[in-house]
Amino acid sequence: MKKLSFLLVFLLCSVPFLAQEGTGYQKPPQEILDLVDAPLAPSVLLDDAGENVVLLYRDAYKSIEELSEIELRLGGLRINPKTNIGSRTNYYNNIMVKKATAATGTQVNGLPENPRLSSFSWSPNQKMIACLHTTSEGVEVWILDIEKASAKKITPATVNANMGDALNWFKDNSSLLVKMLPASRKELINTSEAVPTGPTISVSDGAKAQNRTYQDLLKNPNDEANFQQLALSEIKKVSIGGMVSDFLPVGMYRNVSFSPDGNYVMVSEIKTPFSYLVPYNRFPYTETVYSKDGKNPQVVNTVPLDEVRPKGFMATRTGKRNMSWRSDKPSTLYYVEAQDSGDPEIEVAYRDIVYQLEAPFTAKGNQITKTKNRFSGITWGNESTAIAYDYWWNDRNTKTYLFNPQNPSKEAKIISDRSYQDQYSDPGNFVTKRNEYGSYVLSINKGKAFLMGEGYSEKGQFPFIDEYDLASQKTNRIYESAYIDKKESLIDAVDLSNGKVLVRIESPNEYPNYYFRNIKKKESLTPVTSFDNPYKSLQNVHKEVITYKRDDGLELEGTLYLPVGYDRNKKEKKPMILWAYPREFKDKNSASQSTTNPNEFIYPYYGSPIYWVTRGYVVLDDAAFPIVGEGDEEPNDTFRTQLVGNAKAAIDAVDELGYIDRNRVGVGGHSYGAFMVANLLSHSDLFAAGIARSGAYNRTLTPFGFQSEERSYWDSPETYNTLSPFMHADKMKTPLLLVHGEADNNSGTYPLQSERYFNALKGLGAPARLVMLPKESHGYRAKESILHLLWEQDTWLETYVKHRDMNELKTTPEIKK
């Protein structure tokens, strides 16, 4: 009877899929379903004093009903025009609070019925949290009192959160600035019913606008009109008691930020003309500083439409950019201006200059430092100390500068100069703390700053804290994690003067939990959370990080999981799933570094292959797939050769361990990983089947660059044609499962990519199946979609990998020419 049951299951799995199927949403086998249904642990918020913890609970998935709510896609945004908030917003449905070291928490009372909470924001004194609640009719502002564990509503459902940044606290903790729907907002145009008044015309005036293939752009005047109405809001002052007063009149407001001392507020406002080529963040806008009562406007920046930029990933616009408040000063702005006209091809000694502008913001900005590469940020310290950062994509270089803001004539000292892909040389991030304004600045104690790093090395991962002498630029290690059987992550320096640090500790079968560690005392850990492992069926799964070499000697690694109950002594040869994502490097040293910690918790999520250890598969997850191009050579010049070399090395390594039947290996990937899968199946015979999700397969449809390819199609047509699986569909003979969200918004991976590739494969007789998930974007959110995805993947693997027809196999897999 047992054999008969197996035969029936096998025959069912072997039935050919029809050209089109009217099947509804399916569910995977129970062992996978049990893992999907495991509860999600809450997100953890901790105040800066390390005294109060806020636990935010949410469901792991949305429902297809939620994804089916009305959605407008305009200017790169996805908006629910009925509720006036992003249509893909993650919502939390419960809140608990507790003292940091208490064993249990307290349920917050007064929450709305069926909470859909988002946009949590601490009050300056951290005694309250403001958040948004989305009802069926709109968005409200709610206030959580931490000490009382109570919540209350302070506005009606008239908040406009379409452009984000909908609420900001005044420094006195008694009021907020809130974007509200204007009474004058016009009815939206129903674009599906509107009668056109003429054609839509775009014009090229000769300027080169080599932009990425952005999604959800404006397409016609009706889109423009709807975008404008959805972006319009009034900014109101709302007290925590619910009193509302005017602050700013109707405008298309983007960002709102108070000066550190709270005396000024800077507001960015979108202007026309709009664009059909770029998203809203490149539309024209102004930045205006107001007094804290909404008076005395001073325009500090006017930015034109940003459609045309020079060629290259490091290109930027001219004029003032990155305008923000100095966190160490009461009310001083800083901004950056390119010295190369934003053109990476123009050689200059310094790419960017940083300026500051003091209140009342009427004078010209003063130069305070400059960077050799493209500016990427500043950590402010005090009057005489700040840290600046830059980077350059082409050679992967990043520099860190120590400079004196009050003495710009003194050249900044470069204190770190490295490849940002070189994890072993990463000095860590400077520790910050809140100053008297409630802003975060360098934590400095007696001339010493502090660095917290992830601590990757040839011997493993050992997170660290270094004391950094600002005068001598020398470091002294004051803490290094000693775990070799667990992973410790340094989350926050709560009080370094007393050695108090928030850490998270986990192991393959120990769910990540938070602790206070006193780095001045050995083995001093105080629990903050005590989350249980919800994935009991995986707790005894064997996990290890294996290392191996590619044929050219490059060191590689992958995380190996053996099936549930696998006997490592018998070494029964099992089918395997290899899951990976290619990454480009400019040097072999960085490409060969080990950055996987074997002690990470085994956490299955919707996109993970780990589920299949419960189905008898060996899984090699996150297998290293570096694509290296050193010097003048670009990584993609030898993409296919390196891709196949990575795959062969991975299979060889696991095969040598004796765990797998190398003729029953499947390969999977998402996004650029899907692109990898299609190339591997087209140019090698290493795999029995493949799974490619939300990928791009015809690179001529992304002609001005993709992933880390900076050259355009016209610069290097052979690169685009060689790398495009669509161009080699006639070579595909291996079963391929294609999955794509019908509403994919990722640049370059629009659904047409999978549809046209499938049509090519079908026309050429290749075994393939295309699954289009309704309402889903680049990542999948609805539980119905995810369960069906897992069913599709399981059925595909069972059919074409586990039960592959052994009579049709070649003895030795070969690389296709």
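Presented here is an overview of the structure given in this document. Each chain carries its own residue numbering, running from 1 in the direction its sequence is written. Note on the predicted model: pLDDT of at least 70 is required for a residue's local features to be given, and 80 or more for side-chain atom pairs to be given and counted; whole-chain, interface and lining totals, by contrast, use all residues. The side-chain values count all of the structure's non-hydrogen atoms but skip hydrogen atoms and water molecules.

So, the overall build of the protein chain
Here is step 1: Under the DSSP-based scheme used, a helix requires at least four consecutive residues in state H or I and a strand at least two consecutive residues in state E, with every element numbered from the N terminus. The number of helices and strands found in the protein chain is ten helices and 49 strands.
Here is step 2: Computed over C-alpha atoms, the radius of gyration of the protein chain comes to 28 Å, within 12% of the 28 Å expected from 2.2 N^0.38 for 817 residues, which places it in the range of a compact globule.
Here is step 3: Along the first, second and third principal axes, the C-alpha set of the protein chain runs to 80 × 75 × 60 Å.
Here is step 4: Contacts are assigned to residue pairs with any non-hydrogen atoms lying within 4.5 Å of each other. The long-range fraction of contacts in the protein chain, counting pairs at least 24 apart against all pairs at least 6 apart in sequence, stands at 59%.
Here is step 5: Only the protein chains shown count as cover for residues, and the accessible areas themselves come from Shrake-Rupley with a 1.4 Å probe. With the model as given, the accessible surface of the protein chain reaches about 36,000 Å², and the carbon-plus-sulfur share is 48%. Taken over C-alpha atoms, the radius of gyration is set against a globule rule of 2.2 Å times the number of residues to the power 0.38.

Here we look at the environment of S192
Here is step 1: Tracing the sequence through the fold places S192 in the loop between β13 (175-180) and α4 (221-231).
Here is step 2: Note: C-alpha distance between S192 and K295 (103 residues apart in sequence) is 42 Å.

Here we look at the side chain of S175
Here is step 1: Mapping S175 onto the fold places it in strand β13.
Here is step 2: Burial status follows relative accessibility: with a 1.4 Å probe on protein chains alone, a residue under 20% of its type maximum counts as buried, one over 50% as exposed, and anything between as partly exposed. On the accessibility criterion, S175 (6% relative accessible area) is buried.
Here is step 3: Not counting chain neighbours up to four residues away, the residues in contact with S175 comprise N168, W169, F170, K237, V238, S239 and I240.

Quick look at the nonpolar core
Here is step 1: Put simply, buried Ala, Val, Leu, Ile, Met, Phe, Trp, Tyr and Cys residues joined by side-chain atoms within 4.5 Å make one nonpolar core. Residues L578, L620 and F687 are the most contacted members of the largest nonpolar core, which totals 56 residues.
Here is step 2: Beyond its immediate sequence surroundings of up to four residues, L578 is in contact with L620, A623, F625, A647, A650, I651, G666, V667, G668 and F687.
Here is step 3: Membership of the second largest hydrophobic core comes to 48 residues, among which are F531, I577, V613 and L773.

Comments concerning empty space enclosed by the protein
Here is step 1: A cavity, in this analysis, means grid points on a 1 Å lattice covering only the protein atoms where a 1.4 Å probe fits yet has no way out; a pocket is instead an open set bounded by protein on both sides within 12 Å along at least five of seven lines, and a residue lines either one if it has an atom within 4 Å of a point. Grid points are joined across faces, edges and corners, and a volume is the space filled by probe spheres set on the points. Summed over all chains, the structure comprises one cavity of 30 Å³ or more.
Here is step 2: Forming the boundary of the largest cavity are K62, E66, L67, E69, N80, T83, I85, G86, S87, Y91, R116 and T134.
Here is step 3: Mapped onto the lining of the largest cavity, the elements with two or more residues apiece are α3 (64-67) and β5 (85-86).
Here is step 4: Gly counts as polar in this scheme, as do all residues outside two lists: the nonpolar Ala, Val, Leu, Ile, Met, Phe, Trp, Tyr, Cys and Pro, and the charged Asp, Glu, Lys and Arg. Each residue belonging to the lining of the largest cavity can be placed in one class, and the counts come to three nonpolar, five polar and four charged.

Focus: unusual backbone geometry
Here is step 1: With an omega of 10°, the peptide bond between T272 and P273 qualifies as cis.
Here is step 2: Going from A359 to P360, the amide bond is cis rather than trans, its omega being 15°.
Here is step 3: Position of P360 among the secondary structure elements: in the loop between β22 (352-358) and β23 (366-371).
Here is step 4: The backbone phi angle of N322 is positive, close to 55°, even though this residue is not glycine.
Here is step 5: One can find N322 in strand β20 (residues 321-325).

Comments concerning helix α10 (residues 783-802)
Here is step 1: One fewer than the residue count of a helix, multiplied by 1.5 Å, yields its expected span. For α10, spanning 20 residues, the distance from its first C-alpha to its last is 26 Å, which sits close to the expected 28 Å at 1.5 Å a residue.
Here is step 2: Taken across its 20 residues, α10 has 16 buried, putting it largely inside the fold.

Things to note about the pattern of salt bridges
Here is step 1: A side-chain nitrogen of Lys or Arg and a carboxyl oxygen of Asp or Glu constitute a salt bridge if their distance falls within 4 Å. Overall, the coordinates contain 44 salt bridges when judged by the stated rule.
Here is step 2: In this structure, E798 engages R615 in a salt bridge whose closest nitrogen and oxygen atoms are separated by 3.7 Å. One end of the pair, E798, is in helix α10; the other, R615, is in the loop between α5 (588-591) and β44 (618-623), with 183 residues separating them in the sequence.
Here is step 3: Salt bridges here are not isolated pairs; linked through shared partners, they connect E31, R615, D794, E798 and K802.

Concerning the sheet that holds β5
Sheets are built from strands that pair by backbone hydrogen bonding, the pairs being arranged parallel or antiparallel.
Here is step 1: Here we have three strands laid out as an open sheet, ordered β3-β4-β5, and antiparallel in their pairing. At either end of the open sheet lies a strand with only one pairing partner, and these are β3 (72-74) and β5.
Here is step 2: At least two DSSP bridges between two strands are required for those strands to pair. In the sheet, strand β4 (residues 77-80) pairs with β5 via two bridges, with the strands oriented antiparallel. By the bridge assignment for β5, N80 is matched with I85.
Here is step 3: Set on the sheet, α4 makes contact with β3 and β4; between it and β3 the angle comes to about 100°. Lines fitted to the C-alpha atoms define the axes, with helices restricted to the stretch that makes contact. Angles between their N-to-C directions range from 0 to 180 degrees.

Some points on the environment of V541
Here is step 1: Residue position: V541 is located in the loop between β39 (525-527) and β40 (543-549).
Here is step 2: The exposure class of V541 is buried, given its relative accessible area of 10%.
Here is step 3: Taking the C-alpha atoms as reference points, V541 and F283, 258 residues apart in sequence, are found 51 Å from one another.
Here is step 4: Setting aside chain neighbours within four positions, we find V541 in contact with Y561, L562, V564, I602 and V613.

Description of the packing of aromatic side chains
Here is step 1: In this scheme Phe, Tyr and Trp rings, the latter by its six-membered ring, pair at centre separations within 6.5 Å, and the angle between planes marks the pair as stacked below 30 degrees, edge-to-face above 60, and tilted otherwise. Following the criterion strictly, the structure yields 33 aromatic pairs and no others.
Here is step 2: Here Y566 and Y659 contribute two aromatic rings whose centre-to-centre distance is 5.7 Å and whose plane-to-plane angle is 85°, an arrangement assigned as edge-to-face. With a gap of 93 residues between them, Y566 in the loop between β41 (555-561) and β42 (574-580) and Y659 in the loop between α6 (639-656) and β46 (660-670) connect regions that are remote in the sequence.
Here is step 3: Since its relative accessible area comes to 4%, Y659 is described here as buried.
Here is step 4: Here a set of aromatic residues connected by ring pairs shows up, and it is made of Y581, F639, Y672, F675, F704, F706, Y713, W714 and Y720.
Here is step 5: Note that K370 overlies the ring of Y350, its terminal NZ or CZ placed 4.4 Å from the centroid.
Here is step 6: Definition used: whenever NZ (Lys) or CZ (Arg) falls within 6 Å of the ring centre and also within 35 degrees of the ring normal, the charge is taken to sit over that ring. One residue, R477, lies across the ring of F464, its end atom 3.9 Å from the ring centre.

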